[in-house]
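# Chain and residue survey
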Amino acid sequence: MERALLVTLELKNSRAPWRAEEKALELAELAVSSGVFVADSIIVKREKPHPAHFLGKGKIEEIAELSSEKNIDVIIFNNELTGTQQKNLEDIIDVKTIDRTQLILDIFARRAKSNEGKIQVELAQLLYLMPRLTGKGIILSRLGGGIGTRGPGEQKLEVDRRRINTRIAKLKKDLDKLNLGRATRRKQRTKFSLLTIAIIGYTNSGKSTLFNALTASKITTQDKLFSTLDPTIRAFVLPNNQKVLFIDTVGFLNELPHHLVESFKATLEEVVNADVLLHLVDISHPKAKEMEQAVFIVLDELKASDKPMITVLNKVDKVDDNEVRRMVRQRDGAIPISALTGKNFEALIDRITLYLSNTIKTYNFIVPNNKSRLISLMHEKGHVLKKEYRGNNVHLEVQLPTALYERIKKELREPPRG
Ligand SMILES: Nc1nc2c(ncn2[C@@H]2O[C@H](COP(=O)(O)OP(=O)(O)OP(=O)(O)O)[C@@H](O)[C@H]2O)c(=O)[nH]1
Ligand SMILES: [Mg+2]
């Protein structure tokens, strides 16, 4: 097992929602999830990062000493380093140095199982590497393999600039092909007019545990970050006999590397296209509030922040009842549950049923042919159950969010433009 030293930079006067200690704790969890042993973790205070060395020379000497004292194999910085900073740090300390993004990419590389997952991870890794290659393309760490250099499926990452470019182009093309398949499958699901409910939330909040409990599935759940990468879909029948689909998918993180979000667009499409989001919050975690916020930031990036959402407060078995009540009061309409013990599942299912019947209904429209934009909107945001062309009109039966119905009704009343 590689022995890691973690270094977190604390900017003076920073008002960030996560304190340096809290960031350091999360980095340790990430490091453990990637399979290294955390030998030590330090926090360094500075006004701002040094452009060339990230830290001051004196501090770097100290870290070098600590590393040899503790037999460190890898130093993990809790920030994104530039290629120059990384190289300079390695040159002085003479120990492999990686940053938080590489660590996260490494976890993803080890977890990726499906073909699509592997392509997405490799693409994110190469996009990260590209601007950091020097000269003909020397890999970031000249100091051995292991963490930070692994590709999906334990193969080594490509390091030659020209070959990386070719590879990136190929991966993008492969992804496009897979996206097409995904879109087709989604269309098929729409045909059966099944509403989809995506279970989303911070990594380790208990999404897969809830998904398994509801749908009697066996997705791996563990007390590690990013256990799930590939989305899984299963049917579920609500008490009113309505069949719906639940989706379990990859977790979110504070300051999730941009390339990852970019590369995982296909997987995350399942979230964007879901009818309702079930946002799972681990309320036993001291940073629950900030984690919730981090989830909203990723949703924003995915342009999915206006999706209908039910907030679910998970792991109530680990929290005092009064505290749970306080947290429920803070969040209008949130449902407290324990995915592990099954506590309050009935209330959750009832809420989902009620929510769906209140927010998504089946409507009939007669739309003039010249308002084709409205018809595409219905296809995009709802489930078109029937469509018939009669003369100058299209008759449609559509399942739609009630809010959207009001908008469409209004636009239908307006005389056609032009
Ligand atoms: N005490 C308690 N533990 C829970 C509960 N729900 C989940 N866990 C534990 O939390 C850990 C993470 O659960 P997962 O279901 O893997 O979480 P996830 O959100 O799917 O995580 P990623 O896929 O890594 O993003 C596991 O160790 C679960 O056993 C709960 O209600 N109570
Ligand atoms: Mg999971």
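Residues numbered from 1 in each chain as written. Chains lettered and ligands numbered in written order. Predicted model: local features only at pLDDT ≥ 70, side-chain atom pairs only at ≥ 80, totals over all residues.

We now examine the overall build of the protein. Looking only at helices and strands, one finds 14 helices and 13 strands in the protein. In summary, the protein has a C-alpha radius of gyration of 24 Å against a globular reference of 22 Å for 418 residues, a match within 12%. Expressed as lengths along the three principal axes of its C-alpha atoms, the size of the protein is roughly 80 × 55 × 40 Å. For the protein, the proportion of its 418 residues judged to be buried stands at 37%. (Helix = DSSP H or I, 4+ residues; strand = E, 2+ residues; numbered from the N terminus. Rg over C-alpha atoms; globule rule 2.2 N^0.38 Å. Buried ≥ 20, exposed ≤ 12 C-beta atoms within 10 Å, placed from the backbone.)

Interface size is often expressed as the accessible area that is lost when the parts come together. The domains assigned to the protein are domain 1 (3-105), domain 2 (113-174), domain 3 (192-343) and domain 4 (360-412). Relative placement of domain 1 and domain 4: their C-alpha centres are 55 Å apart. (Domains from an automatic or database assignment.)

Right, let's talk about the site of ligand 1 for a bit. The environment of ligand 1 is formed by 23 residues, the closest being Gly 206, Ser 208, Thr 221, Thr 228 and Gly 251. Top element by residues in the shell around ligand 1 is helix H7 (residues 207-215). It accounts for three residues. The class makeup of the residues in the shell around ligand 1 is four nonpolar, 14 polar and five charged. (Near = placed C-beta within 6 Å. Nonpolar A, V, L, I, M, F, W, Y, C, P; charged D, E, K, R; others polar.)

A separate point is helix H9 (residues 265-273). It helps to recall that an α-helix has 3.6 residues per turn; residues three or four apart then point in one direction. Every buried residue of H9 is accounted for by Leu 268, Glu 270 and Val 271. Take H9 and look down its axis: the buried residues cluster within an arc of 125°, on one side only. Structurally, H9 contributes buried residues whose contacts are with strand E5 (195-201), strand E7 (243-248) and strand E8 (276-282). (Arc of directions from axis to C-beta. Contact = placed C-beta atoms within 7 Å.)

This brings us to H7. Within the sequence span of H7, burial applies to Lys 207, Ser 208, Thr 209, Leu 210, Phe 211 and Leu 214. In this fold, the buried residues of H7 make contact with E5, strand E6 (232-237), E7, E8 and strand E9 (309-314).

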